[in-house]
Amino acid sequence: MQRLTALFSAALLATGLMTATAHAQQTQEPAQDPMATQQAPAQDFSDEQLQQFADASQEIAVISQEYTQRLQEAEDESAQQEVRTEANDRMIEVVEDSGLDVDTFNAIGQSIQQDPEMMQRVQEMANPS
């Protein structure tokens with residue numbers, strides 16, 4: 001159970017990197033109400049989406065561990081930024097390969113932090129008995 005919590009924590013931490021890059025890479029879109037992006041409303045996600053999140057989270061946790069080690073070994077800020085960018089690109093690829101987009105992945109991540117029942121469902125999907 002602690003391992004799963006750590007796994008999701010690592011994945012959610014990693015999504016912070018993905019969010020910044022994904023938004024920077026997006027083309028200009030019509031302005032949205034800033035309050036709409038401040039707090040994710042409780043959403044209903046399908047079991048398929050939650051399973052995709054669980055699968056992607058497990059892969060992202062592995063990537064996060066690998067790149068944390070490389071980040072610590074980086075010699076200077078430039079090298080650290082290169083490691084972060086590479087890690088971010090791999091995490092985005094994992095999320096997209098899972099069938100989710102980064103925004104949906106992040107929305108699920110925020111929802112499970114606020115909804116213990118959803119967290120439990122995702123943990124069970126990540127660790128089937």
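Treat the numbers as computed from the prediction; the structure is a model and nothing was measured. (Residues numbered from 1 in each chain as written. Predicted model: local features only at pLDDT ≥ 70, side-chain atom pairs only at ≥ 80, totals over all residues. Heavy atoms only, no water.)

Let's talk about the overall build of the chain
Turning to step 1, where the next piece is worked out: Per the secondary structure count, the chain includes 6 helices and 0 strands.
Turning to step 2, where the next piece is worked out: The proportion of buried residues among the 129 residues of the chain is 37%.
Turning to step 3, where the next piece is worked out: Long-range contacts, defined as pairs at least 24 residues apart, comprise 83% of the intrachain contacts of the chain with a sequence gap of at least 6.
Turning to step 4, where the next piece is worked out: Accessible area for the chain stands at about 8,300 Å²; split by element, carbon and sulfur atoms hold 47% of it. (Helix = DSSP H or I, 4+ residues; strand = E, 2+ residues; numbered from the N terminus. Buried < 20%, exposed > 50% of the residue type's maximum accessible area, 1.4 Å probe, protein only. Contact = heavy atoms within 4.5 Å. Areas by Shrake-Rupley, 256 points an atom, 1.4 Å probe, with all protein chains shown as cover.)

Quick notes on helix 4 (residues 77–97)
Turning to step 1, where the next piece is worked out: For helix 4, which comprises 21 residues, the first-to-last C-alpha distance of 30 Å matches the rise-based estimate of 30 Å (1.5 Å per residue) to within 8%.
Turning to step 2, where the next piece is worked out: Among the residues of helix 4, Val83, Ala87, Asn88, Met91, Ile92, Val94 and Val95 are the ones counted as buried. Along the axis of helix 4, the buried residues cluster in a sector spanning 165°; they form a single face. Residues of helix 4 that are exposed and angled more than 90 degrees away from the buried face: Ser78, Glu82 and Asp97.
Turning to step 3, where the next piece is worked out: Just past helix 4, the residue Gly99 takes up positive phi, approximately 105°. (Expected span 1.5 Å × (residues − 1). Arc of directions from axis to C-beta.)

Topic: the confidence of the model for the chain
Turning to step 1, where the next piece is worked out: Averaged over all residues, the pLDDT of the chain equals 78, while 67% of them reach at least 70.
Turning to step 2, where the next piece is worked out: Within the chain, no element has a lower average pLDDT than helix 2 (residues 34–38), which sits at 41, and none a higher one than helix 4, at 95.
Turning to step 3, where the next piece is worked out: Counting contacts from residues 20–41, a segment whose pLDDT is below 50, to residues more than four positions away or on other chains yields 10 contacts. (pLDDT = per-residue confidence, 0-100.)

Brief notes about helix 5 (residues 102–114)
Turning to step 1, where the next piece is worked out: Between its first and last C-alpha, helix 5 extends 19 Å over 13 residues, near the 18 Å set by a 1.5 Å rise per residue.
Turning to step 2, where the next piece is worked out: Of all the positions in helix 5, only Val102, Thr104, Phe105, Asn106, Ala107, Ile108, Gly109, Ser111 and Ile112 are classed as buried.
Turning to step 3, where the next piece is worked out: Regarding helix 5, its N-cap is Asp101, as a side-chain oxygen of that residue lies 3.1 Å from the backbone nitrogen of Asp103 further along. (Polar contact = N/O pair within 3.5 Å; in protein donor to acceptor, adjacent residues only side chain to side chain.)

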